[in-house]
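Close look at the chain arrangement
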Amino acid sequence: MFLQVFDEEGKDVTPRPLFHPDPNTAVPRLDEALASSGDFEAAAAGFLSSFSAHRASGTTAGSGSASGTCGSTSVPKASTAESTPDEAVDLGAQQDAAIGLPDVQVRQEEIKEEPAKEDLDKRVEICLMETETLWLLNVPPALVSVESEDAGRVLERNKMYVDKCGNRFRKIFGEKIIQTFHGAAKNKELQCDKVSVEDKGTACSPTVWPNAVPTGSQKEDASHSALVLASEKFHQDLFFLERVLMQNIFQPKLAAYRQLPVLTDPDVTSGAGGAVAAVEEAKQKEHDKEKEAFTDPPVPSDRKKTLEEVSPPRLEQLWSYLCDLTDGHNVSNMAWNKVNPDLLAVGYGAFDFQGQRRGLACCWSLKNPKWPERIFRCEFGVTALDFSVASPNLLAVGMYNGSVMVYDVRSCSDAVLLDSRDSSESPTRPVWQLRWVEQDRGAAGGDKRERLLCISADGRVTRWFIQKRLDCTDLMKIKRTKSKKIKSPGGKGRKIEEEISPLAAGMCFDFHPKDANIYLTGTEEGLIHRYSCSYQDSVLETYRGHKGPVYKVAWNPFDTDTFLSCSADWSVMLWDQRAQAPVLTFSSAAAFVNDVVWSPKSGSIFAAVNESSVEIWDLSISKWNPVLSCSAELGVKFTSVLFAKNTDCLLVGDSRGEVGVFQLPNLAAPGGSKPGA
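Residues numbered from 1 in each chain as written. Predicted model: local features only at pLDDT ≥ 70, side-chain atom pairs only at ≥ 80, totals over all residues. Heavy atoms only, no water.

What follows deals with unusual backbone geometry. If you check the backbone angles, Gln-259 has positive phi at about 60 degrees while not being a glycine. One can find Gln-259 in the loop between α9 (251-257) and α10 (266-270). For Trp-570, which is not glycine, the phi dihedral falls at a positive 75 degrees. As for its position among the elements, Trp-570 is in the loop between β23 (562-567) and β24 (572-576). In this structure Trp-570 comes out as partly exposed when scored by relative accessible area, which is 41%. (Helix = DSSP H or I, 4+ residues; strand = E, 2+ residues; numbered from the N terminus. Buried < 20%, exposed > 50% of the residue type's maximum accessible area, 1.4 Å probe, protein only.)

Quick look at the structure:
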C-alpha cells in the first residue's frame, strides 16, 4: 500500500525511506522484521506514530470539504468510493498497525521556495571544520635537525660509522717501501744558431686600470715587498742610511755648532760651472737673509771698521728641531741628557687650561735634526721634564693633570716605566717643574742618593721614591704669608713673615749648586721663599719684589750667593740671598718673561725670553740693556730657553713647536766673574 502525505498548501511532504531494498530480493514481512530486531521495531513505531498523528490532524482540519481529501491525507480511489469519511478514518487507523516500513514507498519532490525579503537581511553563520588527515604513505626522513632531541644520538652513530670504516680501511691496506731502479741517463745534442742580444729602450706612460685585479705574480711580489719592509735588517740599514744623509746635509752647520772648521769638497769647488755657481749664490743670499733677521740693525759706514774690530755678539740660526708631529704644539720645557750632550729632551704642552690637548715628550739628537729619536705620547700636556743623573736612560715627565711618569729612552716603545697615578698622594694640579737632585742619605752618611722632586700648583714640593712603583711624600707645603711689623727692644721696627692657612700655588724651584738641602721656590703670588730640607716646617727667608707670578728661579753656578728670577710683571730680577730686596731689575719689553737661564761659561751672562723676543745679557758690559735681542715672528711667542753645554749655542722654544738652535760666536771667554763685577 502506497501513502502520500500533503501539507495545507498541497505540497507532497511524504517522508523518504533511509533504506531502499533491492527489488530482486524477497521483502521480509513486518512480523518477522519486528521479531528479529528490537531497534528496528522502535524505529518503525516512532515513524508510524508520527505518521498517524499527522494524518489525524489533517482529517480534523478538512472534514467540511466536499472533495475526497481529508486534511493532508489521501487514500486510493477504490477505498474512497466504498467508504464514508468516518469509515475512512477507522480504516486508516486499522491499517496503521498492519502497514510495515518496507511496504511504504516514499517519494520526495523538490521544494522550491522563494526567500522572503526579511530572510535576506538575516545573518547566517557558517562554520567550516577540517576533516581528519588521512595518511596514505608515511616514509620517515633520513635527515635530522640539529636542534632536535635525536641530533646527539645521530651524530654519535655517524661518528661510530666513520671510525668503523677507517678501521676497516687500515686492515685492508698497509704501508710498504718499494725500491726501483733509476732510468739510464741519455745525452742529447742539439745544433742551433747563435742567439744575439740587443739592448733596446722605449718610453711610455703608465696606464692605470681602475678595476684591474692583480695577478698571482703581482700578489707574490707585493707580499715579498711587505716582508722586506717589515724586516728588522731593512730598518737597520735604513737607519744607517738616514744617518749618513743627515750628516752630509748638515755637515757645515754641525761643524759650526761644535766649533770645528767647515770642510769643502775641492772637486766640487774647482769644477763648478755656471749652474753650480748660480745655485751657490742663491743659497748664499738666502743665508744672508736669515742672518739679517737675527742680527742687529745696520750701522753707519764710519763706525763699520770699529765694530769689525770689536766683533759684537751675533745670533745666527743653524737649524731648528721641527717635524710634522710637533708642528703646532707649544714647547713647554727642555733638558739635556747628563751623559750624552747630543741628546735633547723637549716637552710639548699648553700652559693654559683652555688650550689643553694630548702632549708629547720627544728626544732629539744632533745626528738627525729632522725627526726625533724617541717619541712618547702622553694623555695630557707635558709641563716639565728632566733626565736622571745616576741613570741617564730615565726621563721623568710632569704633566698638566698633576701626574708624573718615568720613561726608559733605551726602549723603542712609548710604554710607561713608572706611573704616579698608582699613588694616592700624587699631586692633583699641574706639575710646573721637576728635578733629579743628589742629596745626602743622612747627617752621618757621606754618600749621596738621587731623588726626584717636583713642585705643583697645589702648593706642594713633593719627593718621589722610585721602587717597584712611584711613591711620594711632601717635602714642603707652601703656605701663603703676609708681612708683619714688630718693634724690637731698641725701638726699631722689623718685618717678619706670618703664615696664613691657604696654600700658595708653586710655580718653580731650584736647588743650591753646592748645598742640595737649600732650595728656592717661586709662587703664584709673586713671592720667593728659601727653604732647607732639614727644617721642613719653617721658611728661612722670603724675598718680595715681583708683582706677578714667578715663572723661574735660577742659582748662579759661579757666584752661589746670587740668583735670578723672572715673572709675569715683565721683569727679571737679580737677588742676593743675604738681602730681601733685589739687587738689580732688568726690564726691556712689555711682555711676560717666561724663562731665564745662566750661561754655563760665565757668571755674568744670562739669557731670558719673553713673549716677543729673546735677550742675551752680559752684566760685565751693560747692566741696563741686553747685548743682543732678537724678536719673534708675527703670531709666534717664545716660551723657553736653554744654553748648550759644550759650545756657544742657544736653544729657543716657541709656541708653534719649533726649537731653534742659534750660534753665539763671540761670547765672553769662560770665567768665574761675579755679576756686576
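With that settled, consider the sheet that holds strand β12 (residues 431-440). The 4 strands lie next to each other as β12-β13-β14-β15, forming an open sheet whose pairing is antiparallel. A single partner strand is all that each edge strand has here, and the edge strands are β12 and β15 (470-477). For this sheet the average axis-to-axis angle between neighbouring strands, irrespective of direction, equals 30 degrees. Judged from the 4 bridges that link them, strand β13 (residues 448-456) and strand β14 (residues 460-466) form a sheet pairing that is antiparallel. Looking across to β14, one finds that Leu-453 is bridged to Arg-463. (Pairing = 2+ DSSP bridges. Axes fitted to C-alpha atoms, helices over the stretch in contact; angles between N-to-C directions.)

Strand pairing in a sheet relies on backbone hydrogen bonds. The paired strands run either parallel or antiparallel. Pairing within the open sheet is antiparallel, and its 4 strands lie in the order β18-β19-β20-β21. Two strands in the sheet have a free side with no partner beyond their single neighbour: β18 (506-511) and β21 (541-544). In this sheet, neighbouring strand axes are inclined to one another by 20 degrees on average, regardless of whether the strands run parallel or antiparallel. Note that strand β20 (residues 527-532) and β21 share 4 bridges and pair antiparallel. Its bridge partner being in β21, His-529 is matched across the sheet by Thr-542.

Counting 26 residues, the largest nonpolar core has Tyr-257, Trp-319, Tyr-321, Leu-344 and Leu-651 as the members making the most contacts within it. Of all the elements in the fold, those that place two or more residues in this core are α9, β3 (316-321), β4 (331-336), β5 (343-348), β6 (359-365), β31 (649-654) and β32 (659-663). Dropping the residues within four chain positions of it, Trp-319 is found in contact with Phe-250, Lys-253, Leu-254, Tyr-257, Leu-366, Pro-369, Val-659, Gly-660 and Val-661. (Core = buried A, V, L, I, M, F, W, Y, C linked by side-chain atoms within 4.5 Å. Contact = heavy atoms within 4.5 Å.)

Turning to a nonpolar patch on the surface, a few remarks are in order. Residues Val-228, Leu-229, Phe-234, Leu-238, Leu-241, Leu-245 and Ile-249 make up a contiguous nonpolar surface patch of roughly 620 Å² in combined accessible area. Every element with two or more residues in the nonpolar patch is listed here: α7 (216-230) and α8 (232-249). Accessibility expressed as a relative area gives 30% for Phe-234, which makes it partly exposed. (Patch = residues over 30% accessible without salt bridge, like charges linked within 9 Å, V, L, I, M, F, W, Y side chains within 5 Å. Areas by Shrake-Rupley, 256 points an atom, 1.4 Å probe, with all protein chains shown as cover. Salt bridge = Lys/Arg side-chain N within 4 Å of Asp/Glu carboxyl O.)

Next up on the list: the side chain of Asp-576. As for its placement among the helices and strands, Asp-576 is situated in strand β24. Given a relative accessible area of 16%, Asp-576 falls into the buried group. Among the polar contacts listed, one links the side chain of Asp-576 to the side chain of Arg-578, at a separation of 2.9 Å. (Polar contact = N/O pair within 3.5 Å; in protein donor to acceptor, adjacent residues only side chain to side chain.)

Below, the discussion takes up the pattern of salt bridges. Evaluation of the coordinates by the stated rule reveals 22 salt bridges. We note a salt bridge from Lys-122 to Asp-119, for which the minimum N-O separation is 3.3 Å. Here the residues in one salt-bridge network are Glu-633, Asp-654, Arg-656 and Glu-658, joined through shared partners.

Right, let's talk about the packing of aromatic side chains for a bit. For the coordinates displayed, the defined rule picks out 17 aromatic pairs. Ring geometry for Phe-563 versus Trp-575: centroids 6.1 Å apart, planes at 5 degrees, classification stacked. Placement of Phe-563 in strand β23 and of Trp-575 in strand β24 is noted, with a sequence separation of 12 residues between them. For Phe-563, a relative accessible area of 0% corresponds to the buried category. Taking the relative accessible area as the measure of exposure, Trp-575 reaches 0% and is therefore buried. Chaining the aromatic ring pairs together yields one cluster made of Tyr-257, Trp-319, Tyr-321 and Trp-364. (Phe/Tyr/Trp six-rings, centres within 6.5 Å; stacked < 30°, edge-to-face > 60°.)

So, on to α8. Count 3.6 residues to each turn of an α-helix, and residues three or four apart come out pointing the same way. An ideal rise of 1.5 Å per residue puts 26 Å on 18 residues; α8 measures up with 26 Å between its terminal C-alpha atoms. Its side-chain oxygen 3.4 Å from the backbone nitrogen of Phe-234, Ser-231 forms the N-cap of α8. (Expected span 1.5 Å × (residues − 1).)

Counting buried positions along strand β28 (residues 613-618) gives 6 out of 6 residues, so the element sits mostly inside the fold. Judged by which residues are buried, β28 turns out to be covered on both faces: Ser-613, Glu-615 and Trp-617 on one side and Val-614, Ile-616 and Asp-618 on the other are all buried. For strand β27 (residues 605-610) and β28, the ladder comprises 5 bridges, and the chain directions are antiparallel. The residue bridging Val-609 from the neighbouring strand is Val-614, located in β28. Counting the residues that bridge the hairpin from β27 to β28 gives 2 residues. Summarising the sheet, β28 and strand β29 (residues 628-631) pair through 4 bridges and their orientation is antiparallel. Within β29, the residue paired with Ser-613 across the bridge is Ser-631.

In this section: the confidence of the model for the protein. Residues at a pLDDT of 70 or more form 68% of the protein, whose mean pLDDT is 76. For residues 40-106, every residue scores under 50 in pLDDT, and the model assigns this stretch 59 contacts once sequence neighbours within four places are set aside. Throughout residues 268-279 the model reports pLDDT below 50, and contacts reaching past four residues in sequence, or to other chains, amount to 1 contact. (pLDDT = per-residue confidence, 0-100.)

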